[in-house]
Structures are given as C-alpha cells and as structure tokens.
Amino acid sequence: STNTEAKRRAAAAFTDQWIVAAQQTAGRGRQDHQWLSPVGNIYATALFHEPGGIPVGLRIPFACALAVSDVVRALAPVADVRLKWPNDVRVHREKVSGILVETGGAGSDFWVAAGIGINVRVVPENVSQPATSLLSLGAAPETTVEQAFEALSTAFARRLEQCREGFETVRTDWLDRAEALGEAVTVRAGEGFLEGIFEDLEADGALRLRLPDGSHRSIRAGEVEIRRS
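The structure reproduced in this document is the subject of the present report. (Residues numbered from 1 in each chain as written. Predicted model: local features only at pLDDT ≥ 70, side-chain atom pairs only at ≥ 80, totals over all residues. Heavy atoms only, no water.)

Some words on the packing of helix α4 (residues 145–165) against helix α5 (residues 168–176)
To keep things clear, this is the line we draw: Throughout, an axis means a line fitted to C-alpha atoms (over the contacting stretch in the case of helices), and angles, computed between N-to-C directions, take values from 0 to 180 degrees. Segments assigned H or I by DSSP are reported as helices when at least four residues long, segments assigned E as strands when at least two residues long, and all are numbered from the N terminus. Roughly parallel means an angle under 35 degrees; roughly antiparallel, over 145; roughly perpendicular, 65 to 115; everything else is oblique. Note on contacts: a residue pair qualifies if any of its non-hydrogen atoms lie within 4.5 Å across the two residues. Three categories are distinguished: nonpolar for Ala, Val, Leu, Ile, Met, Phe, Trp, Tyr, Cys and Pro, charged for Asp, Glu, Lys and Arg, and polar for the others, with Gly belonging to the last.
Packing of α4 against α5 leaves a shortest axis separation of 7 Å and a crossing angle of 125°. The angle between α4 and α5 falls in the class oblique. In this structure, α4 uses Arg159, Gln162 and Cys163 to contact α5, whose residues at the interface are Thr169, Val170 and Asp173. Within the contact of α4 with α5, the residues separate by chemical class into two nonpolar, two polar and two charged.

What follows is the structure in structure tokens.
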C-alpha cells in the first residue's frame, strides 16, 4: 500500500513527495477495506507537510476528488463525472477512483498522506460496488498510466493550492459536480441510518440533509446511498 509506505516515511524526517506503485500487494481503502490493485492503473500517495494543519487537512479529501474529476474530464471528456459525498468519483454510479486521506503529527510536523487510485486501463474484478476505467469512459486507447499520473499530479497541485486558500471555491466547484444534489439519499452514520434530501454542502464540508419532518441534520462522517428508481 502506498499509504502504508507513506506513513512509514512520515515517521522520520522527509521531503514532500509522491509514492507511486505499479501494483500493490496490500492496497487498502477506507475502514481498511481491501483495494484491488491490478497492473494498469494509478496507485499513488502524495506525502507532504501541511502548514495549515487540521483545518486544511479536512478540506483535502474534497480537493482530491476534484483533482481526479479534473483528470477524467481531461482524458475522457465525454464522461459525465460526478462526486458522491464526500470523495467518491463516479460516472453513471460506477467508481473510477478510490481516495484515502490520512494525517499525523502536530504543529510544524503535521503531515498528510493523500492516497489516490485511478482505474486507467483496467476495471478491477470482484469489487464491492460497480467500477469503471478511463479507457471504458472513452479515453484514447493509447493512454498510459504515466500520462494519467502526470495529469493527476498537475491537477492535485492546483487543487491543493486552492484548498489552502480557503474552502469556499472548493465547495462551489464540488457542488457543481455533486451527484444526487437535491435528491433522496440514505446516509449511514455510525450504527444508524438517516433518510432525507441532500440539500447542500456546509461551510465545513458536512452534508446538509433535510429530514422528512423538515428539520436539517449536518453529517460529518458517513456513507451515502443514492435512492433512485
């Protein structure tokens, strides 16, 4: 796992860097779910010091999702790429990417490991939800992992700088690409489930849910399921 390697390196003095693997033998996603890693896709982690600390760190998952969506738009421009809260990147409800952001340290030693996987040429089999790849979405057949990573690193640098300047423009850009905004969703929060309308993204990145009784709930951690006929 590039994130595991990033955390190992973060335990000592390090310079900001990308860690990139052609294949992972122990890839992992959120909640330590296995992330299948066949050759032909991007498996990378940006490891860097973050002078903005936790406030900026909380924005980075949204910046990562926007960066990946920028890559999809650039390499597969016909794809209708959408962002499912908080940082799933999907086209027609199929995931093209996995994002895992981890942090550590404090003060001037605060660091971020932003793990990003993008299905470039291969769609992993036996995954927990439908998946797709850049080639399946219309990217040029000759598109290489190296070309896709170059696009990613450029987009990530731009989006990181954007979120360091503040969250409002990140929020606006994210909402422009949001999946299910204004639609009925089910949110798993802790051990319970909430149903309502995904109404907005709060100033801190929380999902604003309008409940059936008209009240509102701000969700800061959870898993969204979109309810469509």
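Thoughts on the nonpolar core
Note the cut-off: Buried Ala, Val, Leu, Ile, Met, Phe, Trp, Tyr and Cys residues form a nonpolar core when they are joined through side-chain atoms within 4.5 Å. Burial classification: accessible surface area is computed with a 1.4 Å probe over protein chains only, and a residue below 20% of its type maximum counts as buried, one above 50% as exposed, and the rest as partly exposed.
With 57 residues, the main nonpolar core has Ile60, Ile118, Leu134, Leu152, Phe156 and Trp174 as its most contacted residues. With 10 residues, helix α3 (residues 60–75) is the largest single contributor of residues to this core. In this structure, Trp174 is in contact with Phe62, Ala65, Leu66, Leu83, Lys84, Trp85, Pro86, Phe198 and Leu201, ignoring residues within four places of it in sequence.

Description of the pattern of salt bridges
Heads up, the condition is: Criterion for a salt bridge: a side-chain nitrogen of Lys or Arg within 4 Å of a carboxyl oxygen of Asp or Glu.
This structure, assessed with the given rule, holds 19 salt bridges. Two residues, Glu5 and Arg9, come together in a salt bridge whose shortest N-O distance is 2.7 Å. Of the two residues, Glu5 and Arg9 are both situated in helix α1 (residues 2–10); the distance of four residues between them amounts to about one turn of the helix. Of the charged contacts in the structure, one is a salt bridge between Glu102 and Lys7, with a shortest N-O distance of 3.4 Å. Placement of Glu102 in strand β6 (residues 97–104) and of Lys7 in helix α1 is noted, with a sequence separation of 95 residues between them. For Glu102, a relative accessible area of 16% gives the class buried. Using a relative accessible area of 36% as the deciding quantity, one classes Lys7 as partly exposed. Salt bridges linked by common partners bring Asp70, Arg158, Arg159, Asp173 and Arg177 together as one network.

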